[in-house]
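Architecture and fold: a report
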Amino acid sequence: MTATPAGLSEAKAALLQKYLRGEMSPGATTAERIPRRPPEEHAPLSFAQERQWFLEQWQPGTAAYNIPLALRLVGALQAEALERALNAVVARHEVLRTTFAMTDRQLTQVIASTLVISLPVTDLDDLPTTERETVAQQLMAVEVRQPFDLTRGPLLRACLLRLAETEHVLLLTIHHSVADGWSLDVLLRELAACYDAERTGRPAMLPELPIQYADHAVWQRERLRGDVAEEHLAYWRRQLAGAPAVLELPTDRPHPSAPIARGAAQPVAFSRAESTALKELSQREGVTLFMTLLAAFQVLLGRYSGQEEIVVGAPMAGRTRPEMEGLIGLFANTLALRADLSGDPSFRVFLGRVRRVTLDALAHQELPFEQLVADLQPARDPSRNPLFQVMFVLQNTPHPTGFGGLTMERLAVHTDTARFELTLSLEETAAGLEGTIEYSTDLFNAATIARMVEHFHVLLRGIVADPECRLSALPLLTDVERHQVLVEWNAAGADFSCDRLIPERFAEQVARTPDAIAVSFEGEALTYAALNAKANRLAHYLQERGAGPDVLIGLCMERSLEMVVGILGILKAGGAYVPLDPTYPKELLGFIVADTQLPIMLTQARLIGALPEYEGALVCIDRDWPAIALADDANPASDAEPHNLAYIIYTSGSTGNPKGVMVSHANVVRLFDATDEWFHFDCHDTWTLFHSFAFDFSVWELWGALLYGGRLIVVPFLVSRSPEAFLDLLHTERVTVLNQTPSAFYQLIAMEERATVTRPLALRVVIFGGEALDPQRLRPWFARHGDQSPRLMNMYGITETTVHVTYHPLTTADLDGGSRSPIGRAIPDLRLYILDEHRQPAPIGVPGELYVGGAGVARGYLNRPDLTAARFLPDPFSATPGARLYKTGDQARYQADGTIEYLGRL
């Protein structure tokens, strides 16, 4: 038994129950009959026709509202009899002789007293048999895309394709302003009856039409002037109050500014067994198949969009009086069905919600959608339909099957247009549920829609198997796709674990190239041997003051050679450096000093006055150098191990107080081992230390040079703030490896374009990180330099996972790929997962939160066990004991080839 929606009379509730059992057309009642209008009276447009008129004015010449009906007719067809039969139907229905005009500033229906539709025959039987079907499809595709002129008409076209003596294809194309889906069945039944009458000489025996469509339009306008319309409007205002205006589906391309027009269709089919299982579930739950399929579709849309409330359009036949059922015309009305997925209910509970919403909507379906839009006045977006952008259609009434002694088969024909972003249309057939997803090709690729169809299949099977399952736990991914996103697209088994510290790796490089320049700044330079000796003396000096494993040592220094000596010296002493950039606000520096309780601070004498209050051991590398220089210059011994801290860098604190991220030597060393295959850094490279040493991009710049024998240019602060000066440095110093945030590189592109003299760059690779990249802004660079030399690499990363997480070599193809910011794939010893809010793997193309696992995951946040526990989580997809995932707070999605697209912060 199905429940009666609140507020319905017993009579209306009974009629609704009959409809739900499929015993009558939607909304039909036995109220007063619709009167015929006076013959001389001008007929207004119905509300639906009026909407069609304005759509045509807004987007003239579109074929989006052409309705095709294609029939394969096998047998001895009499073309002349078929043409006469078609015109008999046209004579019977005024609406097929109707056009529209503006009369006395009023839109009216202009009904021709007579109209003859020709049925041209195109002979294809002289073509090779293998080509006939292809040519027929091409001809039909051209025909259905031809627009109609609503003021001149006719609004019905016909053509007949002769494939063989006993095989024809009849194509009827009719404009939506004079017909709907129900009308096609009326047209087909009457055409078959009239054809049979014409070929046999017997009368068609069709009943007299009680009214014409124009009578309905007059009656509708009169009926919906007063209380009836207000009653329905009151319901819809309540129902849609606060509803989301937009369903944010993930698209392959951004929404165009113009209305959506181009479209295609993807077949959808469910086996008889699957369809039967869905019907049986519907019966057990006391709902219609429509409600079950609608609920499942809404769950799919909710999982795709991440929204808890969505609105889907559903067309209803709109034939609310018995005398309408045999008419051709545009009666169909669209209901805006709002879904509430909040609270992550079971599917059974959610289905109950859908049932109530549907029953209430049916009780108020008489209000034309056009009036609802006019009343609600939603904010208009030229690229989106108002109130909803997705439709669901279920055809559950049988189509006519006979045609005057001929074998008849309905053929699929598509206009290559789309009225909505998505329209799922299904119908019940003997073989099971069949239909299509019509989609906007301005927004979606065919492969994306094919995956959506697969996800819908998986979801429905999960619903049938366990309707008590919560919506978040219902399956979406196929086994193949799940294996892809969890295993194939993660470099399972890649191991770059190390047993050496950063200083040990540096010492090995010193032994190889002791006399090579290691670092330079404003005309001064240190060789590898000199840098090593200075850092060793500082390390011994710091050890005497308590430096050792996991001892935090503050480093507050300006850009200089001494800054590099300081970082290396702290690491050689076994300690971990905490960068305190003197350009940062004093309040921030004070917070870091208080949070870390630093026992030692390394600085420069000129900065002492700018330091926050500090009570620990203060070492000034310049002032105290005479004493430091007395220390041993040999590599110091250290009890530090790879798991010990190398540094603690504080994040910006954009989501609260700054947080100190604890990163180990092992985290850093494995980063370079894991990426060596792509970059092949060596002693011929020249790097810039462009970024603040309190920004973790500096870790990559510093050790990318010094662990491989390269030359590191410490960029003066003012040069780093001047694109012109920095571009000059790149030329002068012959820099080969450049690391930049995209915003800084855009300034370089602009500066190079403005330059009056072009000087060659020595760059072999440019590595982006730190913020989202917009590939479109690289067009001028690629136009000037191409995409091979230098190579441009986009590397997404976060402090908590040691600088870099992904890599993506950029090419000119990325300019046309539609991705907002491609960040590529995981570094081989990391694992990436894109998960929904319930930490279930998101399907390909669907946004989710990015989680990072593997050897780059930092120890956690200093002194923040609660936040560490909230962001550094057990890895449910790893068999390794203690494996963790970092919850990034960044939104991303997989593209079909496994490339990850960065979408921004959540």
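Residues numbered from 1 in each chain as written. Predicted model: local features only at pLDDT ≥ 70, side-chain atom pairs only at ≥ 80, totals over all residues. Heavy atoms only, no water.

1. With respect to the overall build of the protein chain
The secondary structure content of the protein chain amounts to 25 helices and 36 strands. The dimensions of the protein chain, computed from C-alpha atoms along their principal axes, are 120 × 60 × 55 Å. Taken over 906 residues, the protein chain has a buried fraction of 57%. For the protein chain, the accessible area works out to roughly 36800 Å², and carbon and sulfur atoms hold 52% of it. (Helix = DSSP H or I, 4+ residues; strand = E, 2+ residues; numbered from the N terminus. Buried < 20%, exposed > 50% of the residue type's maximum accessible area, 1.4 Å probe, protein only. Areas by Shrake-Rupley, 256 points an atom, 1.4 Å probe, with all protein chains shown as cover.)

2. Topic: the packing of aromatic side chains
Inspection of every chain in the model, using the stated rule, returns 31 aromatic pairs. When the ring of Phe297 is compared with that of Phe456, the centres are 6.0 Å apart and the planes differ by 70°; the resulting orientation is edge-to-face. With Phe297 in helix α9 (residues 289-305) and Phe456 in helix α12 (residues 446-465), this pair connects stretches of sequence that are 159 residues apart. An identical accessibility class is assigned to Phe297 and Phe456; each is buried. Taking the centre distance of 6.4 Å and the plane angle of 90° together, the rings of Phe591 and Tyr650 count as edge-to-face. Linking Phe591 in helix α17 (residues 586-596) with Tyr650 in strand β22 (residues 645-650), this pair joins segments that are 59 residues apart in sequence. Residue Phe591 is classed as partly exposed on the basis of its relative accessible area, which comes to 28%. Aromatic ring contacts, followed pair by pair, group Phe672, Trp678, Phe679, Phe681, Trp687, Trp700, Tyr708 and Tyr807 into a single cluster. Across the ring face of Tyr541, the terminal group of Arg545 is positioned such that the distance to the ring centre comes to 3.6 Å. (Phe/Tyr/Trp six-rings, centres within 6.5 Å; stacked < 30°, edge-to-face > 60°. Lys NZ or Arg CZ within 6 Å of the ring centre and 35° of its normal.)

3. Considerations on the sheet that holds strand β5 (residues 121-123)
Taken in spatial order, the six strands of this open sheet run β5-β6-β7-β2-β13-β12, and their pairing is mixed. Of all the strands in the sheet, just β5 and β12 (402-403) have a single pairing partner and so form its edges. (Pairing = 2+ DSSP bridges.)

4. Observations concerning the pairing of strand β18 (residues 552-556)
Burial of β18 is extensive: five of the five residues sit out of reach of the surface. Burial along β18 is two-sided: Leu552, Gly554 and Cys556 facing one way and Ile553 and Leu555 facing the other are all buried. Relative to strand β19 (residues 576-579), β18 is paired through four bridges, and the arrangement is parallel. The residue of β19 that forms the bridge with Leu552 is Ala576.

5. Considering the packing of helix α22 (residues 723-732) against helix α23 (residues 742-754)
Interhelical geometry of α22 versus α23 gives an angle of 80° and a closest axis separation of 9 Å. In terms of orientation, α22 lies roughly perpendicular with respect to α23. Contact residues: α22 offers Pro723, Glu724, Phe726, Leu727 and Leu730, while α23 offers Gln747, Leu748, Met751 and Glu752. Taken together, the residues of the contact of α22 with α23 break down into six nonpolar, one polar and two charged. (Axes fitted to C-alpha atoms, helices over the stretch in contact; angles between N-to-C directions. Parallel < 35°, antiparallel > 145°, perpendicular 65-115°, else oblique. Contact = heavy atoms within 4.5 Å. Nonpolar A, V, L, I, M, F, W, Y, C, P; charged D, E, K, R; others polar.)

6. Details of α23
For α23, with 13 residues, the first-to-last C-alpha span of 19 Å sits near the 18 Å given by 1.5 Å per residue. Where α23 is buried, its residues touch α22, β26 (737-740), β27 (765-768), α24 (779-785) and β28 (791-794). (Expected span 1.5 Å × (residues − 1).)

7. Things to note about the state of the cysteines
Structurally, a disulfide amounts to a covalent bond that connects the sulfur atoms of two cysteines. Following the criterion strictly, the structure yields zero disulfides and no others. Counting only cysteine sulfurs, Cys194 is the nearest neighbor of Cys159, a cysteine outside any disulfide, at a range of 20 Å. With no disulfide of its own, Cys556 lies closest to Cys620 among cysteine sulfurs, the gap being 10 Å. (Disulfide = S-S within 2.5 Å.)

8. A word on the pattern of salt bridges
Scanning the entire structure with this criterion turns up 49 salt bridges. Linking Arg670 and Asp829 is a salt bridge whose minimum nitrogen-to-oxygen distance equals 2.7 Å. A residue pair is termed long-range when its members are at least 10 positions apart, and Arg670 in helix α19 (residues 665-679) and Asp829 in the loop between β30 (822-826) and β31 (830-835) qualify at 159 residues. On the basis of relative accessible area, Arg670 is assigned to the buried category, the value being 1%. Salt bridges sharing partners connect three or more residues here, namely Arg36, Arg37, Glu94 and Asp215. (Salt bridge = Lys/Arg side-chain N within 4 Å of Asp/Glu carboxyl O.)

9. Let's talk about α17
All buried positions along α17 are accounted for by Leu589, Ile592, Val593 and Thr596. Seen from one end, α17 has its buried residues packed into an arc of 100°, which puts them on one side. Residues of α17 that are buried in the fold lie against β18, β19, β20 (600-603) and β22. Among the residues trailing α17, Gln597 stands out with phi positive, at a value near 50°. (Arc of directions from axis to C-beta.)

10. What to know about the confidence of the model for the protein chain
Residue-level pLDDT values for the protein chain average 92, and 96% of them are 70 or greater. Segment residues 1-30 is flagged for pLDDT under 50; beyond a separation of four residues in sequence, or across chains, it makes 54 contacts in the model. (pLDDT = per-residue confidence, 0-100.)

11. Thoughts on the pairing of β30
Burial analysis of β30 places four of its five residues in the buried class, the great majority of the element. Across two bridges, strand β29 (residues 806-810) lies against β30 in antiparallel orientation. The residue of β30 that forms the bridge with Tyr807 is Arg825. Alignment of β30 against strand β36 (residues 900-905), held across two bridges, turns out to be antiparallel. For Gly824, the partnering residue across the bridge sits in β36 and is Ile900.

12. Considering the sheet that holds strand β4 (residues 106-111)
Reading across from one edge, β1-β4-β3 is the order of the three strands in this open sheet, with antiparallel pairing throughout. Both edges of this open sheet fall to β1 (43-44) and β3 (98-103), since each of them pairs with a single strand only. As defined by bridge partners, β1 adjoins β4 across two bridges and the pair is classed as antiparallel. Across the sheet, the residue bridging to Ala43 is Gln109, located in β4. Contacting β3 and β4, helix α2 (residues 47-58) crosses the sheet at an angle of about 105° to β4.

13. Digging into the side chain of Glu94
Among the structural elements, Glu94 can be located in the loop between α3 (79-92) and β3. Sequence-distant contacts of Glu94, that is, excluding residues within four places in its chain, are made with Arg37, Ile111, Gln212 and Ala214.

14. Examining the nonpolar core
Grouped together as the largest cluster of nonpolar side chains are 175 residues, with contacts concentrated most on Phe392, Leu422, Leu531, Trp700 and Trp703. Look past the residues within four positions of Trp703 in its chain and what remains in contact with it is Ile502, Ile567, Leu568, Leu571, Val668, Phe672 and Tyr708. In this structure, Leu86, Leu119, Cys194 and Phe403 belong to the second largest nonpolar core, which totals 52 residues. (Core = buried A, V, L, I, M, F, W, Y, C linked by side-chain atoms within 4.5 Å.)

15. What about the environment of Val228?
Mapped onto the secondary structure, Val228 falls in helix α7 (residues 227-240). When the C-alpha positions of Val228 and Glu366 are compared, they lie 9.0 Å apart, and in sequence the two are 138 residues distant. The residues touching Val228, leaving out its near neighbours within four places in the chain, are Arg223 and Glu366.

16. What about the environment of Ile310?
Mapped onto the secondary structure, Ile310 falls in strand β9 (residues 309-316). A relative accessible area of 1% places Ile310 in the buried class. Residues Ile310 and Val246, 64 residues apart in the sequence, show an inter-C-alpha distance of 8.1 Å. Other than its neighbours up to four places away in sequence, Ile310 contacts Pro244, Leu247, Gln298, Leu301, Gly302, Ser305, Leu337, Arg338, Ala339 and Leu341.

17. Examining unusual backbone geometry
Among all residues save glycine, negative phi is the norm, and among peptide bonds the norm is trans. In this structure, Pro154 follows Gly153 across a cis peptide bond, with omega equal to -10°. Secondary-structure assignment places Pro154 in the loop between α4 (129-144) and β6 (156-164). That bond from Ser789 to Pro790 is cis: its omega, 0°, falls within 30 degrees of zero. Position of Pro790 relative to the elements: it lies in the loop between α24 and β28.

18. Looking at the environment of His175
Relative to the helices and strands, His175 resides in strand β7 (residues 167-175). On the basis of relative accessible area, His175 is assigned to the buried category, the value being 3%. Between the C-alpha atoms of His175 and Leu156, which are 19 residues apart in sequence, the distance is 6.7 Å. Ignoring anything within four residues of it in the chain, the contact list for His175 reads Gln52, Tyr65, Asn66, Phe148, Leu150 and Leu155. Polar side-chain contacts of His175 include one of 2.9 Å to the side chain of Ser177. (Polar contact = N/O pair within 3.5 Å; in protein donor to acceptor, adjacent residues only side chain to side chain.)

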